[in-house]
Amino acid sequence: MADQYEEGIKAALQNRDLAKAAEMAQKYLDKSYNVRVNIGITGESGSGKSTLVNALRGIKNKTEGAAKTGVKETTTERTEYPHPKNNNIRIWDLPGIGTVKFTADKYIKEMEFEKYDFFIIVSNDRFRENDAKLAKEIQKMNKKFYFVRSKIDQNITSEKEEDPNTKEEKVLKEVKNYCTEELKKLDFESPKIFLVSGFRLPLYEFNDLWKTLEEDLPKHQRDVLLLALPNISLDVIEQKKETLASRIKWLTVTSVAGAAVLVPGFSCAVDIQIILGFAVYCVVSLGLTHNLLQKLSDVSGVSLEDLKAEIKSPLAGTEITKDLIIKFLASSATVLGEMAIEEGLRFVPIIGTLVAMSLSGVATYSVLTYILNSLTEDAQQVFKRSVG
Ligand SMILES: Nc1nc2c(ncn2[C@@H]2O[C@H](COP(=O)(O)OP(=O)(O)OP(=O)(O)O)[C@@H](O)[C@H]2O)c(=O)[nH]1
Ligand SMILES: [Mg+2]
């Protein structure tokens, strides 16, 4: 799809029709932002479903607005949780099939199984008949599901209690083998099982779950979900950077038809609104707003102060206003000049064409790139500190 839009924009630029090019770029961006993802979280009562819902939303169980959890908080109604970073992502906390007096058929109907893009089947033990039944129904519908074995931290802790020399890998292997064998008995030949702790997504195999998922999802859904995901690894931060970087080209094209303004101390007129929008988008996606840092502090147990100490960019951890962007531009003029990006830009598709046509477009491109690069560095440092 991107190719088709790129061709259109190139043609418009060749005709020097900046307005048309900007309109097409905006259309592409709208399409890629407005993508819905519905995730169904299912499994037996008490298996850790609601905890996983909260973890995916980057919050701790007892945070306000979190899905209710605990030994007595059985979820009997299906509940929808919008992702705090992106309202288009809906995580559905489904009751366990064992907790409601439904036949599998009725359950699937009541839960509107066709609605979800994929399912996570959670168990804190081996997977049982009911899990298998659901998985088979999902398979029949040609949809994807992933087995998540939750609370793996508990297994490790208790094994270590018995023998302090127990290696973590050994426990992981044993649990994985056991779950695999049990699922084989239920007719799943080589099931994919991910060992996860809902309390600490960066540990254990949540990363592997993401790697599998991203291969299965269509591109736009993958991108949208990736950017909403908590920072579970340096790898994921790098992927976020690439995804955000791929938006810069389109944003730049939308900027060339807009109103560029001169910023005192900055060499060139730029579109402040676009820069502000992108900065906010990056800060949210990379988990660097004050609120998201606070949540990370709650989840990781590292103090907010310590996390904030890792941050260098003036755009992170604070409210991004127009004034802040103007100040930021004025103070970054030298760095941006030194980057001498304009030379290299001649070789970037589409942007290369703009180099001769729109100075402000080129400046916007450089600014957006600079913002993304510095925020990514901050996110990496914060992440290292949070798991450190
Ligand atoms: N140690 C540890 N405890 C967990 C984990 N996930 C959930 N728990 C605990 O297990 C209990 C049940 O978790 P919930 O998330 O409420 O489970 P649920 O599947 O939503 O339960 P129902 O809604 O009753 O079906 C809670 O006390 C959680 O704190 C985990 O990964 N590690
Ligand atoms: Mg629950």
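Residues numbered from 1 in each chain as written. Chains lettered and ligands numbered in written order. Predicted model: local features only at pLDDT ≥ 70, side-chain atom pairs only at ≥ 80, totals over all residues. Heavy atoms only, no water.

This next bit is on the UniProt feature "transmembrane region" (unreviewed entry) in the chain. Cross-referencing UniProt, the feature "transmembrane region" (unreviewed entry) maps to residues 347-372 in the present numbering. Measuring from the first to the last C-alpha atom of residues 347-372 gives 20 Å, for a span that is 73% helix and 0% strand. (UniProt positions renumbered as here; feature names shortened; annotations may be inferred. Helix = DSSP H or I, 4+ residues; strand = E, 2+ residues; numbered from the N terminus.)

Before going further, it helps to examine the domain arrangement of the chain. What the domain assignment lists for the chain is domain 1 (2-33 + 231-387) and domain 2 (37-228). One C-alpha centre belongs to domain 1, the other to domain 2; they are set 34 Å apart. Note on domain 1 versus domain 2: buried area summed over both sides is about 1,900 Å², and carbon and sulfur give 59% of it. Ranking the residues of domain 1 by area buried against domain 2 places Ile232, Gln239 and Val299 at the top, with a combined share of 29%. Applying the counting criterion to the domain 1 and domain 2 interface returns 0 salt bridges. Put simply, domain 1 and domain 2 have 5 residue pairs in polar contact (both at pLDDT 80 or more) between them. If you list the elements that add at least two residues to the side of domain 1 that touches domain 2, you get α2 (18-33), α10 (234-255), α11 (272-285), α12 (290-300) and α17 (359-387). When grouped by side-chain class, the residues that make up the side of domain 1 that touches domain 2 number 11 nonpolar, 9 polar and 5 charged. (Domains from an automatic or database assignment. Buried area = accessible area lost by both parts, 1.4 Å probe. Salt bridge = Lys/Arg side-chain N within 4 Å of Asp/Glu carboxyl O. Polar contact = N/O pair within 3.5 Å; in protein donor to acceptor, adjacent residues only side chain to side chain. Nonpolar A, V, L, I, M, F, W, Y, C, P; charged D, E, K, R; others polar.)

Quick look at α10 now. Structural remark: α-helix, 3.6 residues per turn; residues separated by three or four positions point the same way. Taking 1.5 Å per residue, 22 residues should reach 32 Å; α10 reaches 31 Å between its end C-alpha atoms and fits that length. Of all the bends in α10, the greatest, near 25 degrees, is centred on Lys249. (Expected span 1.5 Å × (residues − 1). Bend = angle between axes of the 7 residues up to and from the residue.)

A few words now on a negative patch on the surface. A cluster of like negative charges, contributed by Glu159, Glu161, Glu162 and Asp163, occupies part of the molecular surface. Classification of Glu162 as exposed rests on a relative accessible area of 70%. (Patch = residues over 30% accessible without salt bridge, like charges linked within 9 Å, V, L, I, M, F, W, Y side chains within 5 Å. Areas by Shrake-Rupley, 256 points an atom, 1.4 Å probe, with all protein chains shown as cover. Lys, Arg positive; Asp, Glu negative; His and termini not counted. Charge placed at Lys NZ, Arg CZ, Asp CG, Glu CD. Buried < 20%, exposed > 50% of the residue type's maximum accessible area, 1.4 Å probe, protein only.)

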